[in-house]
Structures are given as C-alpha cells and as structure tokens.
There are 2 protein chains.
Amino acid sequence: MKPYLIQMLKELALLGAIKNRIEVSSMELSEKLLTSQQTASRYLLELDTNGTIEREMGIKKQLIHITKDGLDVLQNEFLEYKQIFALPQRIYFIGTIVSGKKEGSYYTAIEGYQSQFKKKLGFNPYPGTLNVQIDTMEKNKLRFLRKVEGIEIEPFEDNKKIFGGVKCFHACINAINTILVLPLRGHYSNILEFISESYLRDSLRLEDGNKVHILVTIEDQLSCEVNNEKQ
Amino acid sequence: MKPYLIQMLKELALLGAIKNRIEVSSMELSEKLLTSQQTASRYLLELDTNGTIEREMGIKKQLIHITKDGLDVLQNEFLEYKQIFALPQRIYFIGTIVSGKKEGSYYTAIEGYQSQFKKKLGFNPYPGTLNVQIDTMEKNKLRFLRKVEGIEIEPFEDNKKIFGGVKCFHACINAINTILVLPLRGHYSNILEFISESYLRDSLRLEDGNKVHILVTIEDQLSCEVNNEKQ
DNA sequence: ATTACTAAGTTACGAGTAA
DNA sequence: TTTACTCGTAACTTAGTAA
C-alpha cells in the first residue's frame, strides 16, 4: 500500500475509526494531512476501493470505519516500529497440545531437513513434532517472528518434490528447551510445531488438551531504549 | 515530512541505521521499497538534504546513519501507533524537586486560571507550584501527554496580557494526589509543575534535591489489544 | 454544507547513461 | 560495480465546479 494511504489510515485510526464509525469530512482530514479537500476525498475513495475502510455517506460528512484489512495494515506498521524501538526479546504464547496428522514424523525424517537441523541446531531431532494450538488472535506474534532473525533452514528439492524453507527459534515449553519450527511461506496457522532431541510428550508428560506455556526467545537485534513506561 | 520519505527512513532504521552506520546501496534499498534504484537514490538525497540522515559515500555503496532529527521523526510515528494500539494508561517519571522562580505563585493567583481550576478540577489550588526536574530524555513522554486527552484550561486575556492555555492531568507524587500542569504551547521544558489543594512541600515533606516518583494518569482513550507480550 | 468530477498544472518516476 | 544526472512520461494534486 502506498505510504500516503497508510498515513491517511493512521490519521483515521487516531480519530478512533478502529473502534467506532467516526463522522468526519474530507475537509477536516485535509487539514490534518496538510493537503487539499480534493486530495483527502480521493484518498478516502482509494482506501474504500482497496477495502481498508468502509464508508457511509451522510448528507454532511461521512461515517468511516476501518476494516479488518485496514487494521492489518496498521498493525504491521506498528510492528515495524516496535522492531525499531522496543524489540521484545521474548514472546509468550499459551496453547493447547493437539495431535498432528503424523506429518511431523514424515518431515523430520527427510534427509534434506535432518542434515540442516544437525548442522544449524546441533542435534538430530526426535522423529515427529509436538503440535500446540494457539489462539488465532496471536497471528501478530507469528507475523513478528517471521520478520525477526531466526535459524533459517533452506528450502531444497528431493526426488522432484520441493521442500519449503523453515525458520527455527529456541523456545521453552513449561521450562523444557525445544525448537519452534515455523514455515517461511504459506498462510499463518494456529498450530505451532516444536522439535526436540527427545520425545517431548514424554519429557513434558503431556497429552492432548493439556495447556502449555510457551516462551520463544529471539536473537539479539538492534533496539533503542525509548519511552520505557512501566506497566 | 513526506510519507514516502518516512517510509524510507523507517526502512533504514530497520536495517540498523539508528545505532550504526550501515553500508547499503541505493539498489538494495530500492528492492525493499519496491521502487527503482534512481528513486531510492533520490530519496536518500532528500533525506540527506533535510538533515534526517548523514551519509558517507564509499566507492561502492554508502554509509548511512540516522541523525537526531531523523530519530525524532521515527519516534513521533511510533508514538502515534502506540496511541492507536497500546495506549499506556499511566506514565511514570522520576524527578528531582527544584525551586521555581516564584512564577507559580503568580500564575496560580490569576483569576482567569483560578476560576477554571475551580470549575474543571473542583478545587482552588494552593498558591504556587511544586517544580520537579525530569530527565531531558523524557521529552517523548511529554510529547505524548500533549497529544492525549487531558483537562484543558483555556487561554484568556486579562489586562491586555495574554495567558496561554494549559493541560492538566491527575498525577501522584510519592502516592499523594496532585495535578500536573503542562503548557500547551512553547518548547518542552524539563521542569514539570504540579498544583494541589494543599502545600505540597509540607504534605510530601520535600525539599530541593529530593527524588520523587511521579505517576501520571491518562483519561480513557481508544485502545486495541494487540501483541501484548509480557515482560 | 457536503463529495467528488474534470481539466490543467505540478511533482515524481525511471530508462538511459555519465562519472 | 556504484551514485545520481537528464528528460520524457506517468502519477499526483488542486482549482473550479456540479450535484
């Protein structure tokens, strides 16, 4: 999305258009953006067309509400600024143990993955993955993890089949060390997959439906202290 | 500043140009911004001209560092997103008690202020202000307070002299309720002024040089829960 | 009051290219 | 390789208005 449209969207959000339908005129917005009424009007048309806002035209002014898509755009911007200024070194999830479709065993057995795991993680993972279901609302944390530095496992081809790249992070599940494995491509899933040197279900004494606390550790990155309000 | 320049500045910050001089070519940046090498080069020239970055040209690539001015631009953007998504309901300061220039007694005695204080705060302040010196690095918190909703005291004219508007916030100093009074116009000062119904120096048993903990409470605003990583 | 169209003016973009 | 200039064209802006 074009930077000037993001700016307009941000301005609408500051006026409360995420939570409420706000009543605002193109003239008022033009003053905030230091541009003309016509340009503000055109921006609103563009945002409407690309689905980031919904409008109801009044006889005076208009009612504007930011859509889910619009919210995503803004959250992504926010995420980038958080990366610049206040990178959290740890990300927490709470999840529920679920059964995989035995795909984990298949993938962890592939030579192309195994050799990279051994080289980059320092161990051969126990066959299979531990699957933990998280809240779909946690998508932003996953988006964040995709952006920050992790242990990259390269994509490769084996027997004409292409295996996608994944990114690994050191993580703790209920205080036991594991590796979180995230696919680099494709849609965000609400299932997190973990690998370990040992059979995690045993070492953690877990069965389906158990709640677990997950702590993902992020590699050192730039971070500038700023506005460190407590609580 | 133009939105596309802010975008470029953000990209440079993400590459680490706040902390370090980063080595980057206009071609690499053009790929990140999905634009041409020429445009990226022009953006860099513009950022250099307006003083938000400093450059050293290498024979290959260039060394780029974001200046104080550039950092201010980015911090301001960040502040706006924080306002949108994760407004802190409280802001903390640590400060040192200092003596004012007796101006506080003068201002609190002006009828135009007194009547508004009585009406909007519900009490007549004790003459004078308690002055607390804070770190100049806390400027961002003040900038933030200027933006959010507070108790507005209108500017007025009295005897041909114009008295500027101020904004009040409920605050606690060492757990005693007070009111923080911030001028709406003018430069940011590193002295915070507090008023109260009683003589604060007595009720707090304070003298110059004492360190105090200040907690400023912000009125309810929109806030969307997102990425609430703990710690 | 509004929104938003048209048309003309202005700015920005990027291919080509020099240094 | 780089950076960044020229210049034709594409995109954006806004005055003037209609609805």
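A short tour of the structure in this document, coming up.

Calculation criteria
Note on numbering: residues in each chain are counted from 1, in written sequence order. For this description, chains carry letters from A and ligands carry numbers from 1, given in the order in which they are written. The predicted nature of this model means local features are confined to residues of pLDDT at least 70 and side-chain atom pairs, given and counted, to a pLDDT of 80 or more, with totals for whole chains, interfaces and linings taken over all residues. Derived side-chain values reflect all non-hydrogen atoms in the structure, with water molecules and hydrogen atoms excluded from consideration. Proximity is defined per residue: any heavy atom of the residue falling within 4 Å of a molecule or strand makes that residue near it. Polar contacts, as counted here, are pairs of nitrogen or oxygen atoms within 3.5 Å of one another; within protein the pair requires one atom able to donate a hydrogen and one able to accept it, and residues that are adjacent in sequence qualify only if both atoms are side-chain atoms. A run of H or I in DSSP becomes a helix once it reaches four residues, and a run of E becomes a strand once it reaches two; helices and strands are each numbered from the N terminus. Residues are grouped as follows: Ala, Val, Leu, Ile, Met, Phe, Trp, Tyr, Cys and Pro are nonpolar; Asp, Glu, Lys and Arg are charged; all remaining types, including Gly, are polar. Axis lines are fitted through C-alpha atoms, for helices just across the contact stretch, and the angle between N-to-C directions can take any value from 0 to 180 degrees. In what follows, roughly perpendicular refers to angles from 65 to 115 degrees, roughly parallel to angles under 35, roughly antiparallel to angles over 145, and oblique to any angle outside these ranges. In a left-handed crossing the near helix is turned counterclockwise from the far helix by less than a right angle, and in a right-handed crossing that turn is clockwise. What makes two residues a contact is simply this: any of their non-hydrogen atoms within 4.5 Å. Stacked, edge-to-face and tilted labels apply to pairs of Phe, Tyr and Trp rings (six-membered ring for Trp) whose centres lie within 6.5 Å, assigned for plane angles under 30 degrees, over 60, and everything in between, in that order. Relative accessibility decides the category of a residue: with a 1.4 Å probe and only protein chains considered, values under 20% of the type maximum give buried, values over 50% give exposed, and everything between is partly exposed. When DSSP finds at least two bridges between two strands, those strands are taken to pair.

Things to note about the protein's contact with DNA strand C
Every one of the 20 residues lining DNA strand C counts as a neighbour, but S26 of chain A together with T35, Q38, T39 and R42 of chain B are closest to it. Of all atoms in DNA strand C that approach within 4 Å of the protein, 61% are sugar or phosphate atoms. Contacts to DNA strand C include S26 of chain A, whose side-chain N or O atom sits 2.3 Å from a phosphate oxygen. Within the side chain of K2 of chain B, an N or O atom sits 2.9 Å from a phosphate oxygen of DNA strand C. For the surface near DNA strand C, the secondary-structure elements that each account for two or more residues are α3 (37–49) and β2 (53–57) of chain A together with α3 (37–49) of chain B. Tallied by class, residues from the surface near DNA strand C come to five nonpolar, 10 polar and five charged.

Structural notes on the packing of helix α4 (residues 68–85) of chain A against helix α1 (residues 3–14) of chain B
Direction vectors running N to C along α4 of chain A and α1 of chain B enclose 45°, while the axes themselves pass 9 Å from each other. Judged by the inter-axis angle, α4 of chain A sits oblique to α1 of chain B. Crossing of α4 of chain A over α1 of chain B shows left-handed handedness. Contacts from E77, E80, Y81, Q83 and I84 of chain A of α4 of chain A reach α1 of chain B at I6, K10, A13 and L14 of chain B.

Topic: the packing of aromatic side chains
Residues and elements named next belong to chain A. Under the defined criterion, the tally for this structure stands at 22 aromatic pairs over all chains. With 4.7 Å between their ring centres and 20° between their planes, Y4 and Y43 make a pair best called stacked. Remark: Y43 occurs in helix α3 and Y4 occurs in helix α1 (residues 3–14); sequence separation between them is 39 residues. The class for Y4 is partly exposed, based on a relative accessible area of 24%. Take Y43: its relative accessible area is 12%, and that puts it in the buried class.

Focus on the sheet that holds strand β2 (residues 53–57) of chain B
Think of a sheet as strands paired side by side through backbone hydrogen bonds, with each pair either parallel or antiparallel. Residues and elements named next belong to chain B. Reading across from one edge, β1-β3-β2 is the order of the three strands in this open sheet, with antiparallel pairing throughout. Unpaired on one side and paired on the other, β1 (22–24) and β2 mark the two borders of the sheet. Between one strand axis and the next, the sheet turns through 30° on average, direction left out of account. Relative to strand β3 (residues 62–66), β2 is paired through five bridges, and the arrangement is antiparallel. Opposite I53, over in β3, you have I66 as the bridge partner. Taken strand by strand, α3 contacts β2 and β3, and its axis lies near 120° from that of β2.

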